[in-house]
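What follows is each chain in one-letter form.
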Amino acid sequence: MAQGLEVALTDLQSSRNNVRHHTEEITVDHLLVRRGQAFNLTLYFRNRGFQPGLDNIIFVVETGPLPDLALGTRAVFSLARHHSPSPWIAWLETNGATSTEVSLCAPPTAAVGRYLLKIHIDSFQGSVTAYQLGEFILLFNPWCPEDAVYLDSEPQRQEYVMNDYGFIYQGSKNWIRPCPWNYGQFEEKIIDICLKLLDKSLHFQTDPATDCALRGSPVYVSRVVCAMINSNDDNGVLNGNWSENYTDGANPAEWTGSVAILKQWYATGCQPVRYGQCWVFAAVMCTVMRCLGIPTRVITNFDSGHDTDGNLIIDEYYDNMGRILGNKKKDTIWNFHVWNECWMARKDLPPGYGGWQVLDATPQEMSNGVYCCGPASVRAIKEGEVDLNYDTPFVFSMVNADCMSWLVQGGKEQKLHQDTSSVGNFISTKSIQSDERDDITENYKYEEGSLQERQVFLKALQKLKAGSFHSSQRGAELQPSRPTPLSRDSPRNLHTPSLRPSDVVQVSLKFKLLDPPNMGQDICFVLLALNVSSQFKDLKVNLSAQSLLHDGSPLSPFWQDTAFITLSPKEAKTYPCKISYSQYSQYLSTDKLIRISALGEEKSSPEKILVNKIITLSYPSITINVLGAAVVNQPLSIQVIFSNPLSEQVEDCVLTVEGSGLFKKQQKVLLGVLKPQHRASIILETVPFKSGQRQIQANMRSNKFKDIKGYRNVYVDFAL
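Just so we're clear, the structure is a prediction, and the values are computed from it rather than from any experiment.

Caption draft 1: View of the pairing of strand β26 (residues 537-548). Where burial is concerned, most of β26 is hidden: 10 out of the 12 residues are buried. Pairing of β26 with strand β27 (residues 554-567), which is carried by 11 bridges, proceeds in the antiparallel orientation. Paired with Leu539 across the strands is Ile565, a residue of β27. Following β26, the chain reverses through five residues before pairing antiparallel with β27; Gly552 in that reversal takes a positive phi of roughly 90°. Bridge count between β26 and strand β29 (residues 593-602): 10 bridges; the pairing is antiparallel. Bridge pairing in β29 places Leu543 opposite Ala598.

The structure is reproduced here in structure tokens:
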């Protein structure tokens, strides 16, 4: 009589499977597979081999605390029956005397997460034995055509899923700078932290069974992650802080990677990490989404609108010196704002609106009761389809709102101008398999000044009026055509054109920098005044300068001047200006942004002319040299050269260095005091533990500056 079949050992073939499923960068010691793709395992039997006609092997997979067949978080499927009702399938690969190799495949819609794998063996005469084979993690699969996150370009998959470093663009539209970032999605414990993040969400805490069942949807998962990156509703990963007071945490500008942030959150019992701003929220979300298998990239929008009342108008208020004021509506234009795009199908929307979707983890406005934003279809934004889920009106306003400028004087507001092209410029992301910047503005809107762009804007406005948003009375002043800008400069020297309609402008003003604006040096610039009329013009121009936060919030003014300029017909004149380092140094924010403004008026006319320019002060970057060849498991020396760019002593200097695959953890070096203009270097030793293209990121902070950065790409060879 045949004995019941007994399992002695199971080989989950973690190393082999993980390579096939593109998860070997995470680990080869534990099974991590992607849905919609088969993986193999070998069963070793104690007493005899598997006999297909005699034995029936039934597999059971379960995820979540309350696995349920009806919800899809539990599946039961047989090796023998290919017509099983379960979407999970198993089949025989090879059958030996005492071992059997089988293939299993999760459906491309299965919930992602941690699974328990069990088998029941039903042998001849009713002998039943049950075994727990082990755990595995199931991820989204952008290589599977049936998966909602399928991306059909291998270079794009390598960039948006597999690349563990990149650049986040900061500064201003006049001076775009890349900030190196270590996403580190494959570093030790990051996958466990990502799954813990899902389990800490309000959705899981409220209804864990339903939450786990919905984890097969990238739309659902992306909204959950988006809400969990900030801590406004829950114990999310990051506390936001725009106050310039970071004494009880880290200045957001100091971070160079996501790994330290996520590990700190995990190690402290999931207490929010202090502090983050938009680029930190987006970078951490990119890490989590890439780790889970959803193609993701980080996007920067320069001159990003924050429209609080849904009328597609950003109201800005100025005093009679041309200084920008805060406003009760809280409308602002962020110097830059950073969010994510995630790639996914959108079966919840009409056809054609899948692909890249905007997700913004920065806590600005609530969406269905929580602080998250998206996914909003990029194509829907471009076409003005603001009635499509999720949060499309808010994203549309970030890239294509109009800007209304008001002069506040004597308790009254005087309309200066409505500018229809100032919001949403140089929308940027890292290029595929390149360190260059890719401008994707055309993905979000039609060309400024085109008829299509204005038609889309008016369509969006009409949809908002018909829906739950209501346009203010000022929004009704919109005109269907855009004024032609007076002039344009190169991308590094763009200015805001004079804010009067071009058909009546007789005098124009603009600023021009004379030298690059370097930190620690005086800022020299001129005001250019041009009289295009055939009459003499007498101008009084009030000039001012004030620091800004990158979210557009103004700080106290620190410089002002008044110029009296007489212009002959068709004459142009320049008025020289200088702001010394001693005048601006104590007023700067971490963002190093200075807004210079000029408000001009003609003696014979009540009309006002407003022009402004945002200056981003730059530091010399850190230089990193790799001394010798980089080889896995071989010592490597790295030289880091840094300097104090200021003409004064700086204290409390700290250098941090990191790089996935190169350093097991972030390196921190206490440098102490640096003398004025002092240049120094240190040598760091490390042992690379992963091969391939890698990046070193470095940051130096002090009591005077927080974010002098540098990076170096390194190719690490296999050990010989």
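The structure having been displayed, the exposition proceeds.
Caption draft 2: The arrangement of the domain arrangement of the protein chain in detail. The domain architecture assigned to the protein chain consists of domain 1 (7-139), domain 2 (165-467), domain 3 (507-616) and domain 4 (623-716). Of note, the centres of domain 3 and domain 4, computed from C-alpha atoms alone, are 38 Å apart. Contacts between domain 3 and domain 4 engage five residues on the former and five residues on the latter. A buried area of about 390 Å², summed over both sides, lies between domain 3 and domain 4, and 47% of it is on carbon and sulfur atoms. It is Met519, Tyr581 and Thr590 in domain 3 that bury the most area against domain 4; as a group they hold 73% of the surface buried on that side. Run the count over domain 3 and domain 4 and you get one salt bridge.

Caption draft 3: Just the nonpolar core, in detail. Ranked by internal contacts, the top residues of the largest apolar core, which has 69 residues, are Trp181, Val225, Ile229, Ile261 and Trp279. Residue contributions to this core peak at 13 residues, all from helix α8 (residues 278-292). Looking at which domains feed residues into this core, each of domain 1 (7-139) and domain 2 (165-467) gives three or more. In this view, Ile229 contacts Leu197, Gly236, Val237, Leu238, Phe281, Val284, Met285, Val288 and Ala361; residues no more than four positions away in its chain are not counted.

Caption draft 4: Fine view of the sheet that holds β29. Within the open sheet, the four strands sit side by side as β27-β26-β29-β30. Their pairing is antiparallel. Among the strands making up the open sheet, the edge pair consists of β27 and β30 (608-616). The mean inter-strand angle of the sheet, taken between neighbouring strand axes irrespective of direction, is 15°.

Caption draft 5: Representation of the packing of helix α3 (residues 190-199) against α8 in the model. Across the interface, α3 lies against α8 with an axial gap of 10 Å and an inter-helix angle of 100°. By the angle between their directions, the pair α3 and α8 is classed as roughly perpendicular. On α8, the residues that touch Ile190, Ile191, Cys194, Leu195 and Leu197 of α3 are Thr287, Val288, Cys291 and Leu292. Looking at the contact of α3 with α8 residue by residue, the class counts come to eight nonpolar, one polar and no charged.

Caption draft 6: Quick look at the UniProt feature "binding site: Ca(2+)" (unreviewed entry) in the protein chain. Summarizing the sequence annotation, UniProt attributes the feature "binding site: Ca(2+)" (unreviewed entry) to Asn400, Asp402, Glu448 and Glu453 in the numbering used throughout. Taking the farthest pair of C-alpha atoms as the criterion, the annotated set spanning 54 residues converges on one region, since that pair is 12.0 Å apart. Tracing the backbone through its elements, the reader meets Glu448 in the loop between α11 (441-444) and α12 (451-466). Within the secondary structure layout, Glu453 lies in helix α12.

Caption draft 7: Representation of α12 within the structure. Taking 1.5 Å of rise per residue, the 16 residues of α12 would be expected to cover 22 Å, and the 23 Å separating its terminal C-alpha atoms lies within 8% of that figure. Within α12, the full set of buried residues consists of Glu453, Arg454, Val456, Phe457, Ala460, Leu461 and Leu464. One face of α12 carries all of its buried residues, which in axial projection span an arc of 160°. Along α12, the residues that are exposed and aim more than 90 degrees away from the buried face are Leu451, Gln462 and Ala466. Looking at the buried side of α12, the elements it contacts are α9 (378-383), α10 (392-400) and β20 (402-409).

Caption draft 8: Representation of the packing of aromatic side chains. Summed over the entire model, instances satisfying the criterion amount to 21 aromatic pairs. Note on Phe59 and Phe77: the rings are 5.8 Å apart at their centroids and 20° apart in plane angle, and the pair reads as stacked. With Phe59 in strand β4 (residues 56-63) and Phe77 in strand β5 (residues 74-78), this residue pair connects regions lying 18 residues apart in the sequence. We classify Phe59 as buried; its relative accessible area is 0%. By relative accessible area, which is 1% here, Phe77 ends up buried. Put simply, the rings of Phe39, Phe59, Phe77, Trp88, Tyr115 and Phe136 pair up and form one aromatic cluster. Here the basic side chain of Arg223 rests over the ring of Tyr390, its NZ or CZ set 4.3 Å away from the ring centre. In this structure, Arg290 is placed above the aromatic ring of Tyr183, and the distance from its NZ or CZ to the ring centre is 4.9 Å.

Caption draft 9: Looking closely at the sheet that holds strand β21 (residues 412-419). Taken in spatial order, the four strands of this open sheet run β16-β15-β20-β21, and their pairing is mixed. Of all strands in the sheet, those with a lone pairing partner are β16 (324-325) and β21, marking the two edges. Relative to β20, strand β15 (residues 313-318) runs parallel, the two sharing six bridges. Bridge assignment links Ile314 to a residue of β20, and that residue is Cys403.

Caption draft 10: View of the environment of Leu202. For Leu202, the position within the fold is in helix α4 (residues 202-206). Separated by 22 residues in the primary sequence, Leu202 and Val224 have C-alpha atoms spaced 8.4 Å apart. Other than its neighbours up to four places away in sequence, Leu202 contacts Asp233, Asp234 and Val370.

Caption draft 11: The pairing of strand β9 (residues 128-139), seen in detail. As paired elements, strand β2 (residues 32-34) and β9 share three bridges and run parallel to each other. For Leu32, the partnering residue across the bridge sits in β9 and is Ile137.

Caption draft 12: Representation of helix α2 (residues 154-162) in the model. Of all the residues in α2, the buried ones are Arg157, Glu159, Tyr160, Val161 and Met162. Where the residues of α2 are buried, they touch β2, α8, β14 (296-306), β18 (355-359) and β22 (425-430).

How each quantity is defined
- Residues numbered from 1 in each chain as written.
- Predicted model: local features only at pLDDT ≥ 70, side-chain atom pairs only at ≥ 80, totals over all residues.
- Heavy atoms only, no water.
- Buried < 20%, exposed > 50% of the residue type's maximum accessible area, 1.4 Å probe, protein only.
- Helix = DSSP H or I, 4+ residues; strand = E, 2+ residues; numbered from the N terminus.
- Pairing = 2+ DSSP bridges.
- Domains from an automatic or database assignment.
- Contact = heavy atoms within 4.5 Å.
- Buried area = accessible area lost by both parts, 1.4 Å probe.
- Salt bridge = Lys/Arg side-chain N within 4 Å of Asp/Glu carboxyl O.
- Core = buried A, V, L, I, M, F, W, Y, C linked by side-chain atoms within 4.5 Å.
- Axes fitted to C-alpha atoms, helices over the stretch in contact; angles between N-to-C directions.
- Parallel < 35°, antiparallel > 145°, perpendicular 65-115°, else oblique.
- Nonpolar A, V, L, I, M, F, W, Y, C, P; charged D, E, K, R; others polar.
- UniProt positions renumbered as here; feature names shortened; annotations may be inferred.
- Expected span 1.5 Å × (residues − 1).
- Arc of directions from axis to C-beta.
- Phe/Tyr/Trp six-rings, centres within 6.5 Å; stacked < 30°, edge-to-face > 60°.
- Lys NZ or Arg CZ within 6 Å of the ring centre and 35° of its normal.

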